[in-house]
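Here is how the chains run, residue by residue.
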Amino acid sequence: MRKLQMVDLKGQYTHIKPEIDQAVIDVVDSTAYINGPAVQSFQANLEQYLDVKHVIPCANGTDALQIAMMGLGLKPGDEVITADFTFAATVEVIALLGLTPVLVDVDPETYNIDINAIEKAITPKTKAIVPVHLFGHVANMDAIMDLAKAHDLKVIEDNAQAIGADYTFKNGSSKKAGTIGDVGATSFFPSKNLGCYGDGGAIFTNNDKLAHTIRGIVNHGMYERYHHDVVGVNSRLDSIQAAILDIKLKHLDTYNSRRQDAARAYSKALQNHQAIVTPTTFTHKSCDINCSICDTCDCHVFHQYTIRITNGKRDHLAEHLKEKNIPFGIYYPIPLHLQKAYADKRYNEADFKVTNQLVDEVISLPMHTELYTEQIEFITNTILEFLG
Ligand SMILES: *Cc1c(COP(=O)(O)O)cnc(C)c1O
């Protein structure tokens, strides 16, 4: 059996090696290392793939979130609501910009931001909501967009984990994750669903004016050479990474469906155990609440395959997996509202019931595009044997 890895980057590279190697050599040979044709090409292809008017590449996903917020003109003191159960980058940039992060609990079924909790947290100072499409599962964008409209709030989608996912609205229409709110931000970190071979990120929007503002912000606030109209940053996707991404973009749908196949195989094996909760993937009415991985909706692209162990034995299971050389991840072990950097007297533990429980119960299993049936069987059999 091939060695188990949380993410098998080498296995994926092997299939596209000649094409990737040639593309990298071509960029090196061209010397167009910054903003070269490879960047323009990837940008245009990603716009077409996502069916969005503007893709603005940048240096990483954290920058993408920060620049999106700068572009929207959010000001110190503005409150920005986001999920308590996510990677710290989301809240980090809110705090860095002097905005006030307002962390709220997540939904017990999807682990995405809880709609009722958002509604409760809205004050006259609230200016934006940042839903995170956690683990590759698109948040309830119907409800989030309704709330945003009712309260005149901006919506910034943190799409670092869900690129390529489709969201189907209640009315049956559908859009790519990250293109629904005012602006979307993504990461091309190597382990993400569309990963480069270093750091990379991008911002998406259908708003021409916002796209123009953001294009200046990523380039030192310049709209005309050496005229700095606003305070900007230096955040670029380099040409080598763009050339790699342009090749991998052609495979993204295949990569995501491989992840979904692996998730289906995991769920099939694990979903009937009483101490295991497998992922649910409903985001809209036509999806049944218990559909494990709905065949008609692509709202989950499984950046992570995360289960909950509800009998209190998650840490014992983790130890056991370690002994069996099965990699795993605990995403995330500490709620953001309990992190030293983001603690706030205003928070009330009773408001974070779900996150506080998830951090003790979640465990993510190996998930990537190169998982073989025998590997999944070995992993699921090991888990089931251990839990008894
Ligand atoms: C990875 C990730 C980011 C940050 O992306 P980087 O490219 O590592 O800066 C932000 N938000 C979420 C939810 C992520 O998973």
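Conventions adopted
Residues numbered from 1 in each chain as written. Predicted model: local features only at pLDDT ≥ 70, side-chain atom pairs only at ≥ 80, totals over all residues. Heavy atoms only, no water. Helix = DSSP H or I, 4+ residues; strand = E, 2+ residues; numbered from the N terminus. Rg over C-alpha atoms; globule rule 2.2 N^0.38 Å. Buried < 20%, exposed > 50% of the residue type's maximum accessible area, 1.4 Å probe, protein only. Near = heavy atom within 4 Å. Polar contact = N/O pair within 3.5 Å; in protein donor to acceptor, adjacent residues only side chain to side chain. Areas by Shrake-Rupley, 256 points an atom, 1.4 Å probe, with all protein chains shown as cover. Nonpolar A, V, L, I, M, F, W, Y, C, P; charged D, E, K, R; others polar. Core = buried A, V, L, I, M, F, W, Y, C linked by side-chain atoms within 4.5 Å. Domains from an automatic or database assignment. Contact = heavy atoms within 4.5 Å. UniProt positions renumbered as here; feature names shortened; annotations may be inferred. Pairing = 2+ DSSP bridges. Axes fitted to C-alpha atoms, helices over the stretch in contact; angles between N-to-C directions. Right-handed = clockwise from strand over helix to strand, strands pointing away. Salt bridge = Lys/Arg side-chain N within 4 Å of Asp/Glu carboxyl O.

Asks: Could you clarify how one ought to interpret the overall build of the protein in this entry?
Replies: Counting its regular elements, the protein contains twelve helices and 14 strands. What you see for the protein is a C-alpha radius of gyration of 21 Å, in line with the 21 Å of a compact globule of 388 residues. Its C-alpha atoms put the protein at 65 × 55 × 40 Å along the principal axes. Going through the 388 residues of the protein one by one, you find that 56% of them count as buried.

Asks: Just to check I follow, could you spell out the site of the ligand for this structure?
Replies: Not every one of the 13 residues close to the ligand is listed here, only the nearest: Gly61, Thr62, Asp158, Ser187 and Lys192. Taking Thr62, its side chain carries an N or O atom lying 2.5 Å from an oxygen atom of the ligand. Burial of the ligand by the protein chains amounts to 91% of its free accessible area of 380 Å². Mapped by element, the contributors of at least two residues to the shell around the ligand are α3 (61–71) and α4 (89–96). Counted by class, the shell around the ligand contains four nonpolar, seven polar and two charged residues.

Asks: It is not clear to me how the nonpolar core should be interpreted in this structure. Could you clarify?
Replies: Nonpolar side chains in soluble globular proteins generally cluster together in the buried interior. In this structure, Ile81, Phe85, Val104, Ile118, Met141 and Ile144 are the most contacted members of the largest nonpolar core, which totals 38 residues. Top contributing element to this core by residue count: helix α6 (residues 141–151), with five residues. Both domains that furnish three or more residues to this core are identified here as domain 1 (9–249) and domain 2 (252–387). Beyond its immediate stretch of four places on either side in the chain, Phe85 contacts Val106, Tyr111, Leu134, Phe135, Tyr331, Tyr332, Thr355, Leu358, Val359 and Val362. One finds Tyr13, Ile20, Ala38 and Tyr49 within the second-largest nonpolar core, a separate group that totals 28 residues.

Asks: Would you explain the UniProt feature "modified residue: N6-(pyridoxal phosphate)lysine" (unreviewed entry) in the protein in this entry?
Replies: In this structure's numbering, the residues bearing the UniProt feature "modified residue: N6-(pyridoxal phosphate)lysine" (unreviewed entry) are Lys192. Here Lys192 shows up in the loop between β8 (183–187) and β9 (201–205). For Lys192, a relative accessible area of 16% translates into the label buried.

Asks: Could you clarify how one ought to interpret the sheet that holds strand β12 (residues 276–277) in this entry?
Replies: One key point about sheets: their strands pair by backbone hydrogen bonds, in either a parallel or an antiparallel sense. Reading across from one edge, β12-β13-β14 is the order of the three strands in this open sheet, with antiparallel pairing throughout. The open sheet has two edge strands with one neighbour each: β12 and β14 (362–365). This element, helix α10 (residues 314–323), spans β13 (305–309) and β14 of the sheet and lies at about 25 degrees to β14.

Asks: Where do I start with the UniProt feature "active site" (unreviewed entry) in the protein in this structure?
Replies: What UniProt calls "active site" (unreviewed entry) maps, in this numbering, to Lys192. Setting aside chain neighbours within four positions, we find Lys192 in contact with Ala160, Ser187, Arg259 and His303.

Asks: Please clarify how helix α7 (residues 208–217) should be interpreted in this entry.
Replies: Think of an α-helix as turning once every 3.6 residues; residues three or four places apart then point the same way. If you check which residues of α7 are buried, you get Leu210, Ala211, Ile214, Gly216 and Ile217. Each element contacted by the buried residues of α7 is listed here: β1 (54–58), α3, β8, β9 and β10 (222–224).

Asks: Got a minute to help me understand the side chain of Thr278 in this structure?
Replies: Note on placement: Thr278 falls in the loop between β12 and β13. Looking at Thr278, the relative accessible area reads 11%, which means it is buried.

Asks: Explanation requested: the sheet that holds β8 in the structure shown.
Replies: Spatially, the seven strands line up as an open sheet ordered β1-β9-β8-β5-β4-β2-β3, and their pairing is mixed. The sheet is open, and its two borders are formed by β1 and β3 (100–104), each paired with just one other strand. When strand polarity is set aside, the average angle formed by the axes of neighbouring strands in this sheet is 25 degrees. With five bridges connecting them, β1 and β9 associate as antiparallel partners. Looking across to β9, one finds that Val55 is bridged to Phe204. Along the sheet, α3 makes contact with β1, β4 (126–130), β5 (154–158), β8 and β9, crossing β8 at roughly 165 degrees.

Asks: Could you clarify how one ought to interpret the pairing of β4 in this entry?
Replies: On any regular strand, side chains alternate: one points to one face of the sheet, the next to the other face. Counting buried positions along β4 yields four of five residues, so the element is predominantly enclosed. The sheet contact formed by strand β2 (residues 79–83) and β4 spans four bridges and is parallel. Paired with Glu79 across the two strands is Thr126, which belongs to β4. Bridge count between β4 and β5: two bridges; the pairing is parallel. Opposite Ala128, over in β5, you have Lys154 as the bridge partner. Of the crossover connections in this fold, the one passing from β4 over α6 to the parallel β5 is right-handed.

Asks: Is there a simple way to think about the environment of Lys10 in this case?
Replies: Positionally, Lys10 belongs in helix α1 (residues 9–30). Taking the relative accessible area as the measure of exposure, Lys10 reaches 57% and is therefore exposed.

Asks: In this structure, what is going on with the pattern of salt bridges? I would like to understand it.
Replies: Side chains that differ in charge, positive against negative, can pair when their charged atoms come close. Evaluation of the coordinates by the stated rule reveals 13 salt bridges. Residue Arg2 is joined to Asp8 by a salt bridge in which the shortest nitrogen-to-oxygen separation is 2.8 Å. The partly exposed category is assigned to Arg2, whose relative accessible area is 37%. When the shortest N-O distance is used, the salt bridge between Asp344 and Arg346 registers 3.2 Å. For Asp344, a relative accessible area of 31% gives the class partly exposed. Here Arg346 falls in the partly exposed class, since its relative accessible area comes to 48%.

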